[in-house]
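Understanding the architecture of this molecule
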Amino acid sequence: MFVGFFEYIRGLRVKKKRVLLISLLGMIFFVLPLSATVLLKMSMEELTTSSEEIVQGKVKEITSQWNEKKTLIFSEIKIEVKERIKGEKEKKEIVIRQLGGKVGDLRLKVIGMPVFQEEEEVILFLKKDEKQLNKFYVTGLSEGKFAIKKEKVERKNMPVRQFIGNIKHIIKKFDGGKK
Amino acid sequence: MSFGKRLAGIVTIFLGIVCNYSFAFKLLPCKWARSDIPVDYYINYYGTPDCSGENAAIISSFNSWENVSGQYMDFTYKGPSSETYALDGTNLCVWIESGWNLYGFSSNAIAIATVWYNESTNEIIEADITFNGEHFEWSSSGESNKMDVQNIATHEIGHFLGLDDLKDSSDSEATMFWIAGWGETKKRTLSPNDQDGIRALYPGSSGPKTGEFIMEAKVSLINNLIDLSKGDTCSIGFRLFESKRIKINIYTIDGELVKDLADDVYGEGDHWVFWSGKNDAGNKVGAGIYLVKLNFTDKIYKIALVK
């Protein structure tokens, strides 16, 4: 059946071939679903304005341990800061504290929490931990973490400098350029 | 390049995009061991102050997954619990009304499922579901300006049993799609892809399930065959979503009443009654086929007694 289809195509006149080609191209753009707009997904503006710190950096160390009562496992992720995009003071290192992690064979997986790997390059949107003010958590769970691969922000398929430029534009628009 | 080659290229790209555009389902790296099924779960007795009926909504959510055909996952609601969010041997559904951010949970997270598992066996040890009561108002009836309990619970229970989020926009109609909206109720109904997910995790049949009735016979032999000489008993279970008067009677094959097994008001949840092969007078009945009738279903169940 597939071979018969190509024989049919070869038999078409040029004008009909062009119409068929345009129709197929049109199908690609109209059949593929459009991105959905969903109410509680955070926009880049919401991520940016609600975050207290935004940094580009590298994951240097991940450690996990039990809380005092041994009822929950928390992880601390040390980030070596390469560029501070938003925040009060210059920091060379930032520590993220989040629920989840592994102690021995036991893992606590928190669905939706960002997953880190040592040596990973990232851009992070952060808020201050309300219990340990010198530490942070990621805004919007995994929405606030953008992995960088080959100088591109993976999730956006965008060069890092362009992505950071967009964030700074939002900051300037909403905060008047205050840092 | 000839027209035919260009066309083949376009078709290939198109098919490639379509075929790689969405996942039917995604699995977590863990699941429940068969020996742990049915999985018990509890609901914190404070519930949510925003609405009533949240317990029934959560139970309905668990039932949605359980009632998928061709899989053996089973849940048992054990009732309200005073436990809080922690590793404590209790699979708990609980609202957090304050301190949501203390766990590192973002304010826009409507609910969170957490799964404890052994990484060497990938078996789930405990799973808990927390609902964000601090930043969201809840409804059990799909009110437009609130979060619907059953909608969100059905999604989180997907994680509870071992499914991961779907994030592609082409999966937006699936229960396991990671974004929800105000007043949304579509996640209450499992899509074919969601059903395929639970079948992939727990393939096979789980046995008879009709309506609200579950029947399990504790036997030495297979099926509903009770060997009285070995002290077997027949266990008859039923699940209620609201308080109800339940009558369960045992009859001979000729319709003669043998045992008035239950005649009482039972509350919401799972209940069990047992028959040890004795009649109302306390005497052991003879070997043969007996019929179990319940007042809330037309189905009649058979038990075979042997000595």
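Note that this is a predicted model, so its numbers are computed, not measured. (Residues numbered from 1 in each chain as written. Chains lettered and ligands numbered in written order. Predicted model: local features only at pLDDT ≥ 70, side-chain atom pairs only at ≥ 80, totals over all residues. Heavy atoms only, no water.)

**Examining the pairing of strand β6 (residues 121-128) of chain A**
Consecutive residues of a regular strand have side chains that alternate between opposite faces of the sheet. All names here are of chain A. Within β6, six of the eight residues are buried, leaving the element largely enclosed by the surrounding structure. With six bridges connecting them, strand β1 (residues 53-66) and β6 associate as antiparallel partners. Bridge pairing links Glu 53 to Leu 126 in β6. The sheet contact formed by β6 and strand β7 (residues 136-138) spans three bridges and is antiparallel. Opposite Lys 128, over in β7, you have Phe 136 as the bridge partner. (Buried < 20%, exposed > 50% of the residue type's maximum accessible area, 1.4 Å probe, protein only. Helix = DSSP H or I, 4+ residues; strand = E, 2+ residues; numbered from the N terminus. Pairing = 2+ DSSP bridges.)

**Considering a positive patch on the surface**
Residues Arg 155 and Lys 156 of chain A together with Lys 26 and Lys 167 of chain B make up a contiguous surface patch of positive charge. Its relative accessible area of 39% is what places Lys 156 of chain A among the partly exposed residues. (Patch = residues over 30% accessible without salt bridge, like charges linked within 9 Å, V, L, I, M, F, W, Y side chains within 5 Å. Areas by Shrake-Rupley, 256 points an atom, 1.4 Å probe, with all protein chains shown as cover. Salt bridge = Lys/Arg side-chain N within 4 Å of Asp/Glu carboxyl O. Lys, Arg positive; Asp, Glu negative; His and termini not counted. Charge placed at Lys NZ, Arg CZ, Asp CG, Glu CD.)

**Topic: the environment of Leu 126 of chain A**
Residues and elements named next belong to chain A. Along the polypeptide, Leu 126 turns up in strand β6. Overall, Leu 126 belongs to the buried group, its relative accessible area being 0%. With 76 residues separating them along the chain, Leu 126 and Ser 50 place their C-alpha atoms 8.6 Å apart. Excluding anything up to four places from it in sequence, Leu 126 contacts Ser 51, Glu 52, Glu 53, Val 55, Ile 94, Ile 96, Phe 136, Tyr 137, Val 138 and Thr 139. (Contact = heavy atoms within 4.5 Å.)

**A closer look at the sheet that holds strand β5 (residues 106-110) of chain A**
Across the sheet, which stays open at both edges, the seven strands sit in the order β4(A)-β5(A)-β4(B)-β5(B)-β3(B)-β1(B)-β2(B) with mixed pairing between neighbours. Looking at the sheet topology across the chains shown, the edges are occupied by β4 (101-103) of chain A together with β2 (75-81) of chain B. Strand-to-strand twist in this sheet, taken as the mean axis angle between neighbours without regard to direction, amounts to 20 degrees. Direction of pairing for strand β1 (residues 39-44) of chain B relative to β2 of chain B: parallel, over a ladder of five bridges. Within β2 of chain B, the position partnered with Val 39 of chain B by the bridge is Phe 75 of chain B. Sheet strands touched by helix α2 (residues 54-66) of chain B: β1, β2, β3 (92-96) and β5 (123-132) of chain B. Its angle to β1 of chain B, the strand with the most contacts, is close to 160 degrees. Along the sheet face, helix α3 (residues 149-161) of chain B touches β1, β2, β3, β4 (111-118) and β5 of chain B and points at about 160 degrees away from the line of β5 of chain B. (Axes fitted to C-alpha atoms, helices over the stretch in contact; angles between N-to-C directions.)

**Observations concerning the nonpolar core**
Ranked by internal contacts, the top residues of the largest apolar core, which has 48 residues, are Ile 58, Phe 75, Phe 131, Phe 160 and Leu 161 of chain B. Among the secondary structure elements, those contributing two or more residues to this core are β1, α2, β2, β3, β4, β5, α3 and α4 (192-201) of chain B. By residue number, the principal contributor to this core is α3 of chain B, which donates six residues. For Phe 160 of chain B, the contacting residues outside a window of four places in its chain are Trp 32, Val 39, Tyr 41, Phe 62, Phe 75, Asn 91, Ile 124, Ala 127 and Ile 129 of chain B. Counting 19 residues, the second-largest nonpolar core is a separate cluster that includes Leu 72 and Ile 73 of chain A together with Val 94 and Ala 109 of chain B. (Core = buried A, V, L, I, M, F, W, Y, C linked by side-chain atoms within 4.5 Å.)

**Examining the confidence of the model for chain A**
Do not read the predicted coordinates in detail wherever pLDDT is low. Per-residue confidence for chain A averages 80 on the pLDDT scale, and 75% of its residues sit at or above 70. The low-confidence segment residues 19-39 of chain A, where pLDDT is below 50, has 26 contacts with residues more than four positions distant or belonging to other chains. (pLDDT = per-residue confidence, 0-100.)

**Digging into the packing of aromatic side chains**
What the rule picks out here adds up to 20 aromatic pairs over all chains. Ring geometry for Tyr 41 of chain B versus Phe 62 of chain B: centroids 3.6 Å apart, planes at 15 degrees, classification stacked. Here the residue Tyr 41 of chain B occupies a position in strand β1, and Phe 62 of chain B occupies one in helix α2, the gap between them amounting to 21 residues. Assigned by exposure class, Tyr 41 of chain B and Phe 62 of chain B land together as buried. A network of ring pairs unites the aromatic residues Trp 32, Tyr 41, Phe 62, Phe 75, Tyr 77 and Phe 160 of chain B as a single cluster. The cationic tip of Arg 97 of chain A hangs over the ring face of Phe 74 of chain A; the distance from NZ or CZ to the ring centre is 4.0 Å. Directly above the aromatic system of Trp 178 of chain B lies the positively charged group of Lys 167 of chain B, at a separation of 4.4 Å from the ring centroid. (Phe/Tyr/Trp six-rings, centres within 6.5 Å; stacked < 30°, edge-to-face > 60°. Lys NZ or Arg CZ within 6 Å of the ring centre and 35° of its normal.)

**As for the packing of α2 of chain B against α3 of chain B**
All names here are of chain B. Packing of α2 against α3 leaves a shortest axis separation of 8 Å and a crossing angle of 45 degrees. The angle between the axes of α2 and α3 places the two elements in the oblique class. As α2 packs across α3, the resulting crossing turns out to be right-handed. Across from Glu 54, Ala 57, Ile 58, Ser 60, Ser 61, Phe 62 and Trp 65 in α2, the residues of α3 making contact are Val 149, Gln 150, Ala 153, Thr 154, Ile 157, Gly 158, Phe 160 and Leu 161. Residue composition of the contact of α2 with α3, grouped by class: nine nonpolar, five polar and one charged. (Parallel < 35°, antiparallel > 145°, perpendicular 65-115°, else oblique. Left-handed = near helix turned anticlockwise from the far one by under 90°. Nonpolar A, V, L, I, M, F, W, Y, C, P; charged D, E, K, R; others polar.)

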